[in-house]
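Okay, here's what each chain looks like letter by letter:
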Amino acid sequence: MKHGEIAALLAYAGKLDGRIRRHMTNEQQAAETIRNWATPLANVPSTVSACHWDAARAVRRYYEQREGDRSAQFRPIEPGDILAAWAPFRGELLSRHVDPVPTADADDAAAYCSELSASRAAVASGLTAPSGQRRLGRGPGWSTSGSAAGGPIPAQIRRELAQLRLKGARAGQSHLIRVRAA
């Protein structure tokens, strides 16, 4: 998050918790608090629409007393609480992400790995949406029957198998295939 986003988040938290509002009355104190929050929350986005993350909602959830959790009663929200709320959303984004094929040469391991890690870091920080599963497409040489590309079974073997199936069907053994002795 940027300093402006953190200031807005702290202003919202101040509406929910008077302790934060009282702590932010002095301009110097407010600037120091924003700087202190900026370091741990540098890689946390304020909103991500791909996974429905909103830092303001995380602040509100902290102050809701759910399942007997009354920690907000004893201490105001801290950056660690936002980080803990962001972790499941970050994991969900990364679990949906499929690494795209890097443009770097695969023989240059350092460049290849750095491009992959940069892609993952961008998704983990919410800067880019996760890329979905790659699908097999109908590229050049693709055919529905497989015969245009030669198929997995050569034509001669296919003819021999057809003859054996016919012989078996005539003998009343449709479920058996007779194999010729070599």
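Here, every reference points to the structure presented above.
This one's a predicted model, so the numbers in the text were calculated from it and none came from an experiment.

Considering the overall build of the protein chain
When helices and strands are tallied, the protein chain shows eight helices and two strands. When the helices and strands of the protein chain are placed in sequence order, the string is α-α-α-β-β-α-α-α-α-α. Looking at the 182 residues of the protein chain, the share that counts as buried comes to 25%. Summarising the internal contacts of the protein chain: among those between residues at least 6 apart in sequence, 61% fall at separations of at least 24. For the protein chain, the computed accessible surface area is about 12,800 Å², with 54% contributed by carbon and sulfur atoms.

Examining the packing of helix α6 (residues 79-96) against helix α7 (residues 109-124)
At a minimum axis distance of 9 Å, the contact between α6 and α7 shows a crossing angle of 135°. Comparing their axes, α7 and α6 come out oblique. In the packing of α6 onto α7, the handedness of the crossing is right-handed. Across the interface between the two elements, Trp86, Arg90, Leu93 and Leu94 from α6 touch Arg120, Val123 and Ala124 from α7. Each residue belonging to the contact of α6 with α7 can be placed in one class, and the counts come to five nonpolar, no polar and two charged.

Observations concerning the pattern of salt bridges
Across all of its chains, the model carries six salt bridges by this definition. Close ionic contact of Glu78 with Arg75 constitutes a salt bridge, the shortest N to O distance being 3.7 Å. Judged by relative accessible area, Arg75 falls into the partly exposed class, the value being 28%. The residue Arg75 makes a salt bridge to Asp81 at a minimum N-O spacing of 2.9 Å.

Structural notes on the environment of Gly126
Along the chain, Gly126 falls in the loop between α7 and α8 (155-170). The spatial distance from the C-alpha of Gly126 to the C-alpha of Phe89 is 9.5 Å, given a sequence separation of 37 residues.

Points about the packing of helix α1 (residues 3-16) against helix α3 (residues 27-38)
The interhelical angle for the contact between α1 and α3, taken along N-to-C directions, is 115°, at an axis separation of 9 Å. When the axis of α1 is compared with that of α3, the two are roughly perpendicular. Seen from above, α1 lies across α3 with right-handed handedness. Seen from α1, the contacting residues are His3, Ile6, Ala7, Leu9 and Leu10; seen from α3, they are Thr33, Ile34, Arg35, Trp37 and Ala38. Split by residue class, the contact of α1 with α3 holds seven nonpolar, two polar and one charged.

About the cut-offs
- Residues numbered from 1 in each chain as written.
- Predicted model: local features only at pLDDT ≥ 70, side-chain atom pairs only at ≥ 80, totals over all residues.
- Heavy atoms only, no water.
- Helix = DSSP H or I, 4+ residues; strand = E, 2+ residues; numbered from the N terminus.
- Buried < 20%, exposed > 50% of the residue type's maximum accessible area, 1.4 Å probe, protein only.
- Contact = heavy atoms within 4.5 Å.
- Areas by Shrake-Rupley, 256 points an atom, 1.4 Å probe, with all protein chains shown as cover.
- Axes fitted to C-alpha atoms, helices over the stretch in contact; angles between N-to-C directions.
- Parallel < 35°, antiparallel > 145°, perpendicular 65-115°, else oblique.
- Left-handed = near helix turned anticlockwise from the far one by under 90°.
- Nonpolar A, V, L, I, M, F, W, Y, C, P; charged D, E, K, R; others polar.
- Salt bridge = Lys/Arg side-chain N within 4 Å of Asp/Glu carboxyl O.

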